[in-house]
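The residues making up each chain are set out below.
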Amino acid sequence: MSAISKVNTEPPAGTGQVGSTAAGTGQAGSNAAGTGGVGVPVLEVRGLTVTFRTEDGPLSAVDRVDFEVADQEVLAVVGESGCGKSVTAMSLAGLLPRTASVDGSVRLDGRELVGADKKTLRSIRGREIAYIFQEPMTSLNPVFTVGNQIGEVLRIHNGLSRSTARKRSVELLKLVGIPSAERRIDDYPHQLSGGMRQRVMIAMAVACDPKVLIADEPTTALDVTIQAGILDVLRGLRERLGTSIVLITHDLGVVADLADRVAVMYAGRVVETANVNELFAQPKHPYTAGLLAASPSAGRHAGTHRLNEIPGLVPVLAEQPNACTFADRCSRARDTCTTEQPLLTAEGTPNHHVACWNPVREPVEV
Ligand SMILES: Nc1ncnc2c1ncn2[C@@H]1O[C@H](COP(=O)(O)OP(=O)(O)OP(=O)(O)O)[C@@H](O)[C@H]1O
Ligand code: SF4
Ligand SMILES: [Mg+2]
């Protein structure tokens, strides 16, 4: 049995890269007009579309999503449960099951990943793009010590000897703030607290110095004081290793604390992107405004506040309509909203994009 967490290196059983390569998909027909405002992107996502085959027919989970992440940038992806955040994250390096059909383009440092063969994806996962998931206990292997698990990542991906891998593992545990790392390296996951396990997961994820770290709700399972420590670790990684981070979270406090830019998703689409301060100060999509307004103390000065739900439910769609999917929950809806899909366009500043026929322009109390 391998000591390695399947999360960092391997897709779940039955995973296959599916769908077509669509390098150069470009903007035509895309759900976004480019997020703009970043330096040279390390990760460039264009027209990313994911549909699942289910017993009840097709399910459209992600619809022509565009975003990019620059060197050392933290992009937060927010939105209600079921809006497609995790599916987007998992599609970035082929972690979706075979029932998923993936189209569009995901370029990591210019290399196309959609449609890439399994060998290429395997070599990229862990080494160039790494994942941290919400629940470390489901990702760490309970029967191996943390040293074994980090060491195996280093031996397989970097070809380190057993003793060098052990030395490096201690360094990594120190990097993520685990005290007495020389001793804790021989602990089994159950001997560590939830916060420490999450730090071990982060150490494994950054073991090979990935260009991009995808953190899917990395602090949700942890209590508030421990969350702050994990956020410090992520911030430190960005500063010390230069890692770009895609941070998926429900928590506006986490967004305010760590993110440079935010992409707001709704029903499989990105509906608004902006720099974090701008988004909190002046949300332009009625959905974003609703989320912020519904969250007490949200915004720039957010503490640790989960996004509150707003009335109604995110629709589950067999196929994406040529309309705004938020229309039946939106107090600003007009006729056009139900007959034409709004695409992301710059609104106000060049870095602020919103997909809405009637964006919020008046000052918003958040
Ligand atoms: N393997 C799958 N097969 C079929 N449908 C799926 C599969 N995985 C996800 N979905 C569906 O895709 C949609 C998006 O799911 P996703 O997990 O990305 O949501 P999310 O935004 O991450 O939500 P949460 O905040 O609850 O984690 C949902 O309708 C979900 O039910
Ligand atoms: S496009 Fe129309 S329905 Fe959709 S969010 Fe904007 S105003 Fe509301
Ligand atoms: Mg999720």
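All values derive from a computational prediction rather than experimental measurement.

## Some thoughts on the site of ligand 2
Phase 1: Lining the immediate environment of ligand 2, one finds 13 residues, of which Cys324, Cys330, Cys337, Cys356 and Asn358 sit closest.
Phase 2: Grouping the amino acids of the shell around ligand 2 by side-chain chemistry returns 10 nonpolar, two polar and one charged.

## Some words on the pairing of strand E2 (residues 57-70)
Phase 1: Of all 14 residues in E2, 10 are buried; the element is thus mostly enclosed.
Phase 2: Of the pairings in the sheet, the one linking strand E1 (residues 41-54) to E2 comprises 10 bridges and is antiparallel in character. The residue of E2 that forms the bridge with Pro41 is Ala70.
Phase 3: Hairpin connection, E1 to E2: the antiparallel pair is bridged by two residues.

## Quick notes on the site of ligand 1
Phase 1: Taken together, 15 residues sit near ligand 1, with Ala61, Ser81, Lys85, Ser86 and Val87 positioned nearest.
Phase 2: If you list the elements that add at least two residues to the shell around ligand 1, you get E1, E2 and helix H2 (85-91).
Phase 3: Across the shell around ligand 1, the residue classes tally to seven nonpolar, seven polar and one charged.

## Here's the deal with the packing of helix H5 (residues 146-158) against helix H8 (residues 194-206)
Packed helices, taken two at a time, are described by the angle their axes make and the gap between the axes.
Phase 1: Here H5 crosses H8 at 20°, and the two axes come no closer than 9 Å. Taken together, the axes of H5 and H8 lie roughly parallel to each other. Taken as a pair, H5 and H8 cross one another with a handedness that is right-handed. Within the contact between the two elements, H5 uses Val146, Gln149, Ile150 and Val153 and H8 uses Val200, Ala203 and Met204.
Phase 2: Its residues assigned to classes, the contact of H5 with H8 comprises six nonpolar, one polar and no charged.

## Some details on the sheet that holds strand E7 (residues 212-216)
Phase 1: Here eight strands make up an open sheet; going across it, the order is E6-E7-E8-E3-E9-E10-E12-E11 and the pairing mixed. Looking at which strands have only one partner, the edges of the open sheet turn out to be strand E6 (129-132) and strand E11 (345-347). Taking each pair of neighbouring strands and ignoring which way they run, the sheet shows an average axis angle of 25°.
Phase 2: Pairing of strand E3 (residues 74-78) with strand E9 (residues 261-266) involves four bridges; the strand directions are parallel.

## Brief notes about the nonpolar core
Phase 1: The biggest cluster of nonpolar side chains holds 100 residues, and the ones touching the most others in it are Leu75, Ala203, Leu213, Val246, Leu247 and Val262.
Phase 2: The element best represented in this core is H8, accounting for eight residues.
Phase 3: Residues contacting Leu213, with those up to four places away along its chain left out, are Ala130, Ile132, Ala205, Val206, Leu237, Thr243 and Ile245.

## Observations concerning H8
Phase 1: Taking 1.5 Å per residue, 13 residues should reach 18 Å; H8 reaches 19 Å between its end C-alpha atoms and fits that length.
Phase 2: Burial within H8 is extensive, with 12 of its 13 residues counted as buried.
Phase 3: What H8 keeps buried is the set Gly195, Met196, Arg197, Gln198, Arg199, Val200, Met201, Ile202, Ala203, Met204, Ala205 and Val206.

## Things to note about the packing of H8 against helix H9 (residues 224-241)
Phase 1: Across the interface, H8 lies against H9 with an axial gap of 10 Å and an inter-helix angle of 15°. Here H8 lies roughly parallel to H9, going by the angle between them. Where H8 crosses over H9, the two elements pack in a sense that is right-handed. Touching Gly194, Gly195, Gln198, Arg199, Ile202 and Val206 of H8 are Ile226, Gly229, Ile230, Val233, Leu237 and Leu241, all from H9.

## Observations regarding the pairing of E6
Phase 1: Alternating residues of E6 divide into Ile129 and Tyr131 and Ala130 and Ile132, and every residue in both groups is buried.
Phase 2: Where E6 meets E7, four bridges bridge the pair, whose relative direction is parallel. Of the residues in E7, the one forming a bridge with Ala130 is Leu213.

Thresholds applied
Residues numbered from 1 in each chain as written. Chains lettered and ligands numbered in written order. Predicted model: local features only at pLDDT ≥ 70, side-chain atom pairs only at ≥ 80, totals over all residues. Near = placed C-beta within 6 Å. Nonpolar A, V, L, I, M, F, W, Y, C, P; charged D, E, K, R; others polar. Buried ≥ 20, exposed ≤ 12 C-beta atoms within 10 Å, placed from the backbone. Helix = DSSP H or I, 4+ residues; strand = E, 2+ residues; numbered from the N terminus. Pairing = 2+ DSSP bridges. Axes fitted to C-alpha atoms, helices over the stretch in contact; angles between N-to-C directions. Parallel < 35°, antiparallel > 145°, perpendicular 65-115°, else oblique. Left-handed = near helix turned anticlockwise from the far one by under 90°. Contact = placed C-beta atoms within 7 Å. Core = buried A, V, L, I, M, F, W, Y, C linked by C-beta atoms within 7 Å. Expected span 1.5 Å × (residues − 1).

As far as function goes, none of this settles anything; it's purely spatial.
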